[in-house]
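Structure assessment
Listed below, chain by chain, are the residues.
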Amino acid sequence: MSNSLLHYTVSGAGPALVFLHGFCESQEVWTDFVTPLANQFRIITLDLPGHGRSPIPDDFTMEAQARQVHQTLQALHVEKCLLVGHSMGGYVSLAFAEKYPELLRGLCLFHSSALPDTPEKRENRDKTADFVRKHGVDKFMDSFVAPLFAAGNREANQAAIEKMQAIGKATPPESIVGCLQAMRDRADRTEVLKNAAYPVLFLAGKEDLAVPLEATLQQCHLPENCMTYFLGQVGHMGMFERTAPTRQALLKFAELLPS
């Protein structure tokens, strides 16, 4: 595997489902979620650049990350896929969809958005990058993960929170700062949704503080063919907070896609 390719795991057989994780995560966040799906699909989970076991890139922009996803899928001989992107993985998925729409059977924005950062969010990205530079990754991760879960779910998901903290603490600081800057500067990709010739699924947590419900409502009507599944009592981490209903919503969508 050349350095231009991302680290990946493949299981199952059938139509390809490709999963992209979010900021300060790795493909490990999908492990339990995707296992039953391998009965019907070829499951591909990737470590995005600078995360997990993928090398640190020179360029963290969403476009550059999408190119590396494309190179990796080409090496795996994936002709068409359902691309599932969680949070920052959704931003990469949209950049991929903009550049390689012919490769998509469908697109799932899993607690993600095509909208650009607001001025307040851009300022917060810069403050977070400064915090990481000054105080380090471990201190950042100690406070970053728990608020991604709905308040009522944190105690029951303590093991998942600790797993995500461990994954995040293994992420190099240059990857964290690079991705914060890339997310801050990413383009508005609502036109990608408007022009989508493939079905789109939004999975949205009603208590998501990172991608508020209002943001999903602003854009879920844009694709010509779209399904939206709102998860009650869920924050930003539906794969952990309500695993079975979230998986079932994705499965139903995947089964409806044209071959």
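An account of the accompanying structure is given in this report. For clarity, every value in this text was computed on a predicted model and none was experimentally measured.

Positionally, His70 belongs in helix α2 (residues 62-75). A sequence separation of 29 residues divides His70 from Lys99, and the C-alpha atoms of the two residues are 9.5 Å apart. With residues near it in sequence (within four places) discarded, His70 still touches Phe96, Tyr100 and Leu103.

Quick look at unusual backbone geometry now. Of note in this structure, Cys24 is not a glycine but carries a positive phi near 60°. Structurally, Cys24 can be placed in the loop between β2 (16-20) and α1 (31-34). Even without glycine at this site, Ser87 takes up a positive phi of about 55°. Along the chain, Ser87 falls in the loop between β4 (81-86) and α3 (88-99).

Right, let's talk about the pairing of strand β7 (residues 226-231) for a bit. For strand β6 (residues 200-205) and β7, the ladder comprises 6 bridges, and the chain directions are parallel. Across the sheet, the residue bridging to Leu201 is Met227, located in β7. In terms of handedness, the path from β6 via helix α9 (residues 213-219) over to β7 forms a crossover that is right-handed.

β6 sits mainly inside the fold: 6 of its 6 residues count as buried. Burial along β6 is two-sided: Val200, Phe202 and Ala204 and Leu201, Leu203 and Gly205, pointing in opposite directions, are all buried.

End to end, helix α7 (residues 173-184) covers 17 Å across 12 residues, agreeing with the expected 16 Å (1.5 Å per residue, within 8%). Counted residue by residue, α7 has 9 buried out of 12 residues, so it is predominantly covered. Within the span of α7, buried status applies to Ser175, Ile176, Val177, Gly178, Cys179, Leu180, Ala182, Met183 and Arg184. Buried residues along α7 sit in contact with α2, α3, α4 (119-135), α5 (137-144) and α6 (158-169).

Within this structure, the stated rule accounts for 10 aromatic pairs. Both rings, one in Trp30 and one in Phe33, keep their centres 5.9 Å apart while their planes meet at 55°; by these two values the pair is tilted. Note on accessibility: Trp30 and Phe33 belong to one class, buried. With 5.0 Å between their ring centres and 55° between their planes, Phe96 and Tyr100 make a pair best called tilted. A relative accessible area of 9% means that Tyr100 is categorised as buried. In textbook terms, an aromatic cluster arises when at least three aromatic residues are bridged by ring pairs, as seen for Phe19, Trp30, Phe33 and Phe110. The ring of Tyr91 has Arg186 sitting right over it, with the charged end atom 3.7 Å from the ring centre. Cation over ring: Arg247 sits above Phe33, and NZ or CZ is 5.6 Å from the ring centre.

Right, let's talk about the pattern of salt bridges for a bit. Side chains that differ in charge, positive against negative, can pair when their charged atoms come close. Summed over all chains, the structure comprises 11 salt bridges. A salt bridge links Arg184 to Asp126; the nearest nitrogen and oxygen atoms lie 2.6 Å apart. Of this pair, Arg184 sits in helix α7 while Asp126 sits in helix α4, placing them 58 residues apart in sequence. With relative accessibility at 18%, the residue Arg184 sits in the buried group. A residue is classified by how much of its surface remains accessible, and Asp126, at 33% relative accessible area, is partly exposed.

Residue position: His86 is located in strand β4. Judged by relative accessible area, His86 falls into the buried class, the value being 0%.

Here we take up the packing of α5 against α6. For any two helices packed against each other, one specifies the inter-axial angle together with the distance between the axes. At a closest axis distance of 9 Å, the pairing of α5 and α6 adopts a crossing angle of 155°. Taken as axis vectors, α5 and α6 run roughly antiparallel relative to one another. Once α5 is placed against α6, the crossing between them reads as right-handed. Residues Val137, Asp138, Met141 and Asp142 of α5 pack against Met164, Gln165, Gly168 and Lys169 of α6. For the contact of α5 with α6, the residue count by class is 3 nonpolar, 2 polar and 3 charged.

What counts, and where the lines are drawn
Residues numbered from 1 in each chain as written. Predicted model: local features only at pLDDT ≥ 70, side-chain atom pairs only at ≥ 80, totals over all residues. Heavy atoms only, no water. Helix = DSSP H or I, 4+ residues; strand = E, 2+ residues; numbered from the N terminus. Contact = heavy atoms within 4.5 Å. Pairing = 2+ DSSP bridges. Right-handed = clockwise from strand over helix to strand, strands pointing away. Buried < 20%, exposed > 50% of the residue type's maximum accessible area, 1.4 Å probe, protein only. Expected span 1.5 Å × (residues − 1). Phe/Tyr/Trp six-rings, centres within 6.5 Å; stacked < 30°, edge-to-face > 60°. Lys NZ or Arg CZ within 6 Å of the ring centre and 35° of its normal. Salt bridge = Lys/Arg side-chain N within 4 Å of Asp/Glu carboxyl O. Axes fitted to C-alpha atoms, helices over the stretch in contact; angles between N-to-C directions. Parallel < 35°, antiparallel > 145°, perpendicular 65-115°, else oblique. Left-handed = near helix turned anticlockwise from the far one by under 90°. Nonpolar A, V, L, I, M, F, W, Y, C, P; charged D, E, K, R; others polar.

None of the figures reported here should be taken as evidence of function without further support.
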